Amino acid sequence: MGEQPIYTTRAHVFQIDPSTKKNWVPASRQSVTVSYFYDSSRNSYRIISVDGTKVIINSTITPNMTFTKTSQKFGQWADSRANTVFGLGFASEQLLSKFAEKFQEVKDAAKLARDKSQEKGETLSNHSQESGRETPSTNQASSINGTDDEKISIVTPEAAVLKSENERLKTAVEQSNTNAKKWETELQTLRENNARLVDALQESSANVESWKKQLSVCKEESDTLRQKIADLEAQCNEANQEKQKNAQLSIRVQELEAELQDKEQELENLRKQAEIIPQLMAECESIGTKLQAAETKNKELEGRISGLQTDIDDSRQKQGNMKGELKKFMDILDGKIDELHEFRQGLSKLDDQGFLCDEKR
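Residues numbered from 1 in each chain as written. Predicted model: local features only at pLDDT ≥ 70, side-chain atom pairs only at ≥ 80, totals over all residues. Heavy atoms only, no water.

- For the protein chain, an unreviewed UniProt entry supplies the name WH1 domain-containing protein and the organism Oryzias javanicus.

Next comes the structure, spelled out in structure tokens:
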């Protein structure tokens, strides 16, 4: 299957300055992908990061490596084979914690793989030694039984198997010895690199202390700048309020100017009307004279009306008197008419009596 990625994250990559062994040098301009790879054929783990076409991290993880958190978002580890120290800056503390946990997990897996490889080498070595001790006793047992022909017919297949097994074990022992020498060389190299890395780590720790001091100074400066920014923002707010007030005053001035123009127009109209006032005064005087004459005539008419009202009252009184006398006259006339009617009736009766008397005669 080859190498397969088992964990991927993003971070800013740094390397220790090889000349000073103190300062960090950015290896990437921006955050890049950092991945753990596992090689099943070699049973090994690597951290790989590529910026464009440039490989900026190619670190094989060994059991002797240690990942150290130097701040809330920054961590580092030393690679003796690459003879450098890698640093990673993460966007959050959670990403740093996940990367550190994965580093420890991969480191434990590499240690387990190394232990298994050593156990396998020791087993092969012990097996080869036991086979070497058992071979003479087998040959001796075979020489005791039968004739030479019987020895050939019985011992030959077993001897061939033992010989091939012995050769294979010798090859394994030689390979194991070769690997042991190689591992001793690598172990010595690792020890030397470890010593250098310890020195670099101590220098890094000292740098961390200085960085902490610089960080505290930067924090103080940042607090001061934040206070200044807050003051400037307050001043900006006051300036904005003044601008708003000025804008409102400008609008008010425009409104007042418009009102002033209206008042000037009204004043101009009043001036034009003031020119007509003398004519109106003359007309008012003439109207007043006419009104006085009308009042005089009105008084005369009121006098006439009062006289006519008196005449009317007198005529009404006379008419009432005449009505009373007329009513009396009508009553007298009705009485006379009734008397005349009775008189006529009496005459008619007398005439009737006289006629009867004549007939009787």
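Resuming the write-up.
1. Describing the overall build of the protein chain
- From N to C terminus, the protein chain includes 2 helices and 8 strands.
- Reading the protein chain from its N end, one meets helices and strands in the order β-β-β-β-β-β-β-β-α-α.
- Buried residues in the protein chain amount to 18% of all 361 residues.
- If you take every contact in the protein chain between residues at least 6 apart in sequence, the share linking residues at least 24 apart comes to 54%. (Helix = DSSP H or I, 4+ residues; strand = E, 2+ residues; numbered from the N terminus. Buried < 20%, exposed > 50% of the residue type's maximum accessible area, 1.4 Å probe, protein only. Contact = heavy atoms within 4.5 Å.)

2. A few points about the pattern of salt bridges
- Throughout the structure, instances matching the rule amount to 4 salt bridges.
- With its nearest N and O atoms 2.5 Å apart, the salt bridge here joins Arg46 to Glu3. Here the residue Arg46 occupies a position in strand E4 (residues 44-51), and Glu3 occupies one in strand E1 (residues 3-16), the gap between them amounting to 43 residues.
- Put simply, Arg42 and Asp39 hold a salt bridge, and the shortest N to O gap is 4.0 Å.
- With a relative accessible area of 69%, Arg42 lands in the exposed category. (Salt bridge = Lys/Arg side-chain N within 4 Å of Asp/Glu carboxyl O.)

3. Details of the nonpolar core
- Ranked by size, the top nonpolar core spans 24 residues in total, and within it Ile47, Trp77, Leu88 and Phe99 carry the most contacts.
- Contributions of two or more residues to this core are made by E1, strand E3 (32-39), E4, strand E5 (54-60), strand E8 (84-89) and helix H1 (93-144).
- For this core, the element with the highest residue contribution is H1, accounting for 6 residues.
- Setting aside residues up to four positions removed in sequence, Leu88 forms contacts with Ala11, His12, Val13, Val34, Ile57, Lys73, Phe74, Gly75, Trp77 and Phe99.
- One finds Trp24, Phe74, Ala78 and Val85 within the second-largest nonpolar core, a separate group that totals 5 residues. (Core = buried A, V, L, I, M, F, W, Y, C linked by side-chain atoms within 4.5 Å.)

4. Side note on the packing of aromatic side chains
- Scanning all chains against the criterion turns up 12 aromatic pairs.
- Taken together, a centroid distance of 6.2 Å and an interplanar angle of 35° make the contact between Phe67 and Trp77 tilted. Taken together, the positions of Phe67 in the loop between E5 and strand E6 (68-69) and Trp77 in strand E7 (residues 74-79) put the pair 10 residues apart, joining distant regions of the chain. Across this residue pair, the class does not change: Phe67 and Trp77 are buried.
- Ring centres of Phe67 and Phe103 lie 5.5 Å apart, and the angle between their planes is 40°; on these two criteria the pair is classed as tilted. (Phe/Tyr/Trp six-rings, centres within 6.5 Å; stacked < 30°, edge-to-face > 60°.)

5. Here we look at unusual backbone geometry
- The backbone phi angle of Lys21 is positive, close to 60°, even though this residue is not glycine.
- As for its placement among the helices and strands, Lys21 is situated in the loop between E1 and strand E2 (24-26).
- Judged by relative accessible area, Lys21 falls into the partly exposed class, the value being 28%.
- With a phi close to 55°, Asn83 is a non-glycine residue in the positive phi region.
- Looking at the element boundaries, Asn83 is found in the loop between E7 and E8.

6. Brief notes about a negative patch on the surface
- Among the surface-exposed residues, Asp331, Asp334, Asp338, Glu339 and Glu342 lie close enough to one another that they form a single negatively charged patch.
- One can find Asp331 in helix H2 (residues 148-360). (Patch = residues over 30% accessible without salt bridge, like charges linked within 9 Å, V, L, I, M, F, W, Y side chains within 5 Å. Areas by Shrake-Rupley, 256 points an atom, 1.4 Å probe, with all protein chains shown as cover. Lys, Arg positive; Asp, Glu negative; His and termini not counted. Charge placed at Lys NZ, Arg CZ, Asp CG, Glu CD.)

7. Brief notes about the pairing of E1
- As paired elements, E1 and E3 share 8 bridges and run antiparallel to each other. Bridge assignment links Thr8 to a residue of E3, and that residue is Ser35.
- Note: E1 against E8, 4 bridges, orientation antiparallel. Bridge pairing in E8 places His12 opposite Gly89.
- In terms of strand pairing, E1 meets E2 through 3 bridges, oriented antiparallel. Its bridge partner being in E2, Gln15 is matched across the sheet by Val25. (Pairing = 2+ DSSP bridges.)

8. With respect to the confidence of the model for the protein chain
- With 72% of its residues at a pLDDT of 70 or more, the protein chain shows a mean pLDDT of 79.
- Ignoring residues within four places in sequence, the model shows residues 134-155, a span with pLDDT below 50, making 10 contacts including any to other chains. (pLDDT = per-residue confidence, 0-100.)

9. Details of the pairing of E4
- In terms of strand pairing, E3 meets E4 through 6 bridges, oriented antiparallel. Looking across to E4, one finds that Tyr38 is bridged to Tyr45.
- As consecutive antiparallel partners, E3 and E4 are separated by 4 residues, and within that stretch Asn43 has a phi angle of approximately 55°, a positive value.
- A loop of 2 residues connects E4 with E5, the two strands running antiparallel in sequence, and Gly52 in this loop sits at a positive phi of about 75°.

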